[in-house]
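An overview of the molecular structure
In case you want the letters, here they are:
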Amino acid sequence: MNPVPDETTVFPLVAASSTLALVHYLDRQGVLHRERIEQITGTTLETLTDPDLRVPADHHYQLWEYAEQMTGDPAVGLHAGQVVDPERMGLVGHVFFNCDTLGEAVTQYVRLHRLINESVTLSFEQAGDLAILTWQPDTPGHYCRQDMDRTLAAALSRTRHFIHPGITAEWAEIAHPRPAYAAEYSALVGGPVTFDGSATRLAFHSRHLSHPIPHRNPYVYSAVLKQVNTVLAKLQTRRTFGRKIRKLISRQMATERIDADTLARQCHMSRQTLYRRLKKEGLSFHDLVEQVRKDKALRYVAADHYALGEIAFLLGFSELSAFSRAFKRWTGVAPAQYRAGHRVAETGPTQD
């Protein structure tokens, strides 16, 4: 059972450059269907080229599912990640490969990783002779096999391309179950690979950390790092603004019909400005309202304090059947089934 979201939840975003890289890969494979991709991402392909744009993580992961379906390739993440195209790297990539050493690059990669993907935490540790990177999603629902495959493949392939082709990993631990294409991991990593881990981890020998990065450009590094730090500061502002908008929607939903004009006035801005700020962050007002309504529904149904008809009314649905259809769209199960599942989880299964 997925955890029930908190009122202060801010929807995690990923850099649009990551989504755009997948779009370009689909184009090279001859399976680019513009209308469907724009429907999944909620934005136009032209808008994805904005270096400051961020896309909801859920949309990005849906695009990966679509990519596997359209290519017929379960290992699409590994294959897309091995494509090295300096022209299409995001800002963090340009910072990484213009550092002095691989060790400095890893430090910046960890520090800036939330700019790449807010739904996954990246950490780094040194244990003996090993340097270990660990990727951990913030919730189980934000683990995407294809995207994690792409992350590993890109990290290894770019390091070998820009730093030294002979760099290999000591071992890798993959969080998802062993897939049919498991042999491809060993060839990519260069060391043993295990599956079904508690997180995804990649271990290098610590001696690689002192490896200098050839062809680095200190001027590019300085300029790009300044730009990245500006984006990082905006990200902190987004978190504050996102919580504020979410709380206002939640409060308004409990008393009256959701109205963008009223909410915008409470923020001392026009409705158009509100829409623009949300769009810049890869969000829409409709998506925010839908997410708040969904999160409230999950809490109310799981808590078992209200009858389902009361919950439908509190969330602004005209009738119970409309609420039930929406709930099944969100969770895949009917509200009564979801509530029953929570009762079992809290009390434990009955004994025969």
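What follows deals with empty space enclosed by the protein. On inspection of all chains with the given rule, the structure shows 2 cavities of 30 Å³ or more. Estimates place the volume of the largest cavity at around 160 Å³. A21, R28, A80, V83 and R150 are, among the 15 residues lining the largest cavity, the residues nearest its centre. Mapped by element, the contributors of at least two residues to the lining of the largest cavity are α1 (16–28), α4 (76–81) and α7 (145–162). Of the residues assigned to the lining of the largest cavity, the class counts are 8 nonpolar, 2 polar and 5 charged.

With 6 bridges joining them, strand β4 (residues 130–137) and strand β7 (residues 200–205) adopt antiparallel strand pairing. Bridge pairing in β7 links L133 to L202. For strand β5 (residues 171–173) and β7, the ladder comprises 3 bridges, and the chain directions are antiparallel. Paired with W171 across the strands is A203, a residue of β7.

Before going further, it helps to spend a moment on the packing of aromatic side chains. Under the criterion given, the structure shown has 10 aromatic pairs. Note on F96 and Y109: the rings are 5.7 Å apart at their centroids and 85 degrees apart in plane angle, and the pair reads as edge-to-face. Within this pair, whereas F96 is found in helix α5 (residues 91–96), its partner Y109 is found in helix α6 (residues 102–116), the two being separated by 13 residues in sequence. As far as the burial class goes, F96 and Y109 line up, both buried. Seen in terms of ring centroids, F327 and Y338 are 5.2 Å apart; in terms of plane orientation they differ by 75 degrees. Their pairing is edge-to-face. You can see F327 sitting in helix α14 (residues 320–331) and its partner Y338 sitting in helix α15 (residues 335–347), a full 11 residues away along the chain.

Counted at 1.5 Å a residue, the expected span for α14 with its 12 residues is 16 Å, and the 16 Å between its end C-alpha atoms agrees. Looking one or two residues past α14, G332 carries a phi angle of roughly 90 degrees, positive in sign.

In globular proteins that are soluble, nonpolar side chains generally tend to be buried together. One finds L48, W135, I163 and L202 to be the most contacted residues of the largest nonpolar core, which totals 69 residues. What W135 contacts, discounting residues up to four positions off in sequence, is Y109, H113, V120, T121, L122, M148, T151, L152, A199, T200 and L202. Counting 33 residues, the second-largest nonpolar core is a separate cluster that includes F11, L278, A297 and L315.

What follows covers the side chain of E118. The residue E118 is located in the loop between α6 and β3 (120–127) in this model. Of the residues examined, E118 reaches a relative accessible area of 2% and is grouped as buried. At 2.8 Å, the side chain of E118 forms a polar contact with the backbone nitrogen of L13.

This paragraph deals with the packing of helix α2 (residues 34–41) against helix α3 (residues 57–71). Direction vectors running N to C along α2 and α3 enclose 145 degrees, while the axes themselves pass 8 Å from each other. Together, R36, I37, I40 and T41 of α2 and H59, Q62, L63 and Y66 of α3 make up the contact between the two elements. Residue composition of the contact of α2 with α3, grouped by class: 4 nonpolar, 3 polar and 1 charged.

Turning our attention to the confidence of the model for the chain. A low pLDDT means the predicted coordinates there should not be read in detail. Here the chain shows a mean pLDDT of 85. Residues at 70 or above account for 90%. Within the chain, the element-level pLDDT minimum falls on α15, averaging 70, and the maximum on α4, averaging 97. Throughout residues 1–9 the model reports pLDDT below 50, and contacts reaching past four residues in sequence, or to other chains, amount to 23 contacts. This model gives residues 345–352 a pLDDT under 50, and the stretch forms 3 contacts once residues within four places in sequence are excluded.

Taken together, the 8 bridges between β3 and β4 define a ladder with antiparallel strand orientation. Looking across to β4, one finds that L122 is bridged to W135. Taking the residues that link successive antiparallel strands as the turn, the β3-β4 hairpin has 2 residues, and the phi of G128 there is positive, at about 65 degrees.

Cut-offs used in this document
- Residues numbered from 1 in each chain as written.
- Predicted model: local features only at pLDDT ≥ 70, side-chain atom pairs only at ≥ 80, totals over all residues.
- Heavy atoms only, no water.
- 1 Å grid on protein atoms, 1.4 Å probe; cavity = no way out; pocket = protein on both sides within 12 Å on 5 of 7 lines; lining within 4 Å.
- Points joined across faces, edges and corners; volume = space filled by probe spheres on them.
- Helix = DSSP H or I, 4+ residues; strand = E, 2+ residues; numbered from the N terminus.
- Nonpolar A, V, L, I, M, F, W, Y, C, P; charged D, E, K, R; others polar.
- Pairing = 2+ DSSP bridges.
- Phe/Tyr/Trp six-rings, centres within 6.5 Å; stacked < 30°, edge-to-face > 60°.
- Buried < 20%, exposed > 50% of the residue type's maximum accessible area, 1.4 Å probe, protein only.
- Expected span 1.5 Å × (residues − 1).
- Core = buried A, V, L, I, M, F, W, Y, C linked by side-chain atoms within 4.5 Å.
- Contact = heavy atoms within 4.5 Å.
- Polar contact = N/O pair within 3.5 Å; in protein donor to acceptor, adjacent residues only side chain to side chain.
- Axes fitted to C-alpha atoms, helices over the stretch in contact; angles between N-to-C directions.
- pLDDT = per-residue confidence, 0-100.

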